Structures are given as structure tokens and as C-alpha cells.
Amino acid sequence: MYFEMQNIILILKIKALALHMRIFTEQRLKEYIQERPETRTALQEWATIVKRSEWKCFADVKATFGSVDNVGNQHYVFNILGNHFRLVVVIKFTIHFVYIRFIGTHEEYDKIDCRNI
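As the structure is a computational prediction, the values presented were derived from the model and not from experiment.

Attention shifts here to unusual backbone geometry. The phi dihedral of N73 falls on the positive side, at around 60 degrees, and the residue is not glycine. By the element assignment, N73 lies in the loop between β2 (69-72) and β3 (75-80). Despite not being glycine, L81 has its phi angle at roughly 55 degrees, a positive value. Within the fold, L81 resides in the loop between β3 and β4 (85-92). For L81, a relative accessible area of 36% gives the class partly exposed.

Okay, structure coming up:
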């Protein structure tokens, strides 16, 4: 009986975690923070919020981050540090994955095709 209860608790914890968004290539955030230390607080805060979120659609993302833009092809652009930096991600809502595709200054962002990066 004890082991059955422990298994049930474990399954419930796994299911609860599965609802939250998971960030892939989070190492890119860490590397960018090393390059641009002024982004540390903003990017860490962004990652913390994302990992606690349970987004099911763009409206959920927009409710969390009011300035996010849907640029098509499942790509979304976040303003970081008052729009001085841009973060482009691909969000797969059905599997709760957020893929980091680009982090850079607004000037660097203007040189990329954010829909296909």
C-alpha cells in the first residue's frame, strides 16, 4: 500500500511538471549573460517566469508578457531590457517546449529573418 501511494504521488508530480513550459537550449541564455552581463537579471527573470508558465496558446503568452510578438511560423519575439535586446523563441504549445533561437541587441535583430531563424 505504501509503495502504491508513493507511485501515485510521483506520477502526480510528474504530471504537474509536464504542464509547465520547458526551455531548451537554456545554455544559450547563460552564454549570452556571460557576454552581456547587463542582461543577467532580465534574462533570468524571463526564464523563471517561462518555467512557471502553463501556456496553451499565444494569448496565454501575451497575458504573461504584454510586449511579446507572434511573427509567424511558431516564432515569438520578446523585448528584453526595455527593447534594447531581443529574444526569439519557437514555442511548441502542445508539448510545452520553448526553444531559444536568437538573443541579441535590437540592431543585431534587425539583420535576421526572425521567422526562419
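All right, on to the packing of helix α2 (residues 26-35) against helix α3 (residues 40-52) then. Between two packed helices, the angle of one axis relative to the other and the distance separating the axes together describe the packing. At a closest axis distance of 9 Å, the pairing of α2 and α3 adopts a crossing angle of 165 degrees. Considered as vectors, α2 and α3 are oriented roughly antiparallel to each other. For the crossing formed where α2 meets α3, the hand is left-handed. Here E26, L29, Y32, I33 and Q34 of α2 come into contact with α3, specifically with R40, L43, Q44, W46, A47 and K51.

Moving on: the nonpolar core. Among the nonpolar cores identified, the biggest contains 24 residues, and W46, W55, F78, L87, V89, I91 and V98 are the most heavily contacted of them. Residues in contact with F78, not counting those within four places in the same chain, are W46, W55, V61, F65, V68, F85, R86, L87 and V89.

What follows concerns the packing of aromatic side chains. Under the defined criterion, the tally for this structure stands at ten aromatic pairs. With centroids separated by 5.2 Å and ring planes inclined at 85 degrees, the aromatic side chains of F65 and F78 adopt a geometry described as edge-to-face. Note that F65 is positioned in the loop between α4 (58-64) and β2 and F78 in strand β3, a separation of 13 residues in sequence. Assessed through its relative accessible area of 15%, F65 is described here as buried. Of the residues examined, F78 reaches a relative accessible area of 2% and is grouped as buried. Taken together, a centroid distance of 5.8 Å and an interplanar angle of 85 degrees make the contact between F97 and Y99 edge-to-face. Using a relative accessible area of 16% as the deciding quantity, one classes F97 as buried.

Cut-offs and rules
- Residues numbered from 1 in each chain as written.
- Predicted model: local features only at pLDDT ≥ 70, side-chain atom pairs only at ≥ 80, totals over all residues.
- Heavy atoms only, no water.
- Helix = DSSP H or I, 4+ residues; strand = E, 2+ residues; numbered from the N terminus.
- Buried < 20%, exposed > 50% of the residue type's maximum accessible area, 1.4 Å probe, protein only.
- Axes fitted to C-alpha atoms, helices over the stretch in contact; angles between N-to-C directions.
- Parallel < 35°, antiparallel > 145°, perpendicular 65-115°, else oblique.
- Left-handed = near helix turned anticlockwise from the far one by under 90°.
- Contact = heavy atoms within 4.5 Å.
- Core = buried A, V, L, I, M, F, W, Y, C linked by side-chain atoms within 4.5 Å.
- Phe/Tyr/Trp six-rings, centres within 6.5 Å; stacked < 30°, edge-to-face > 60°.

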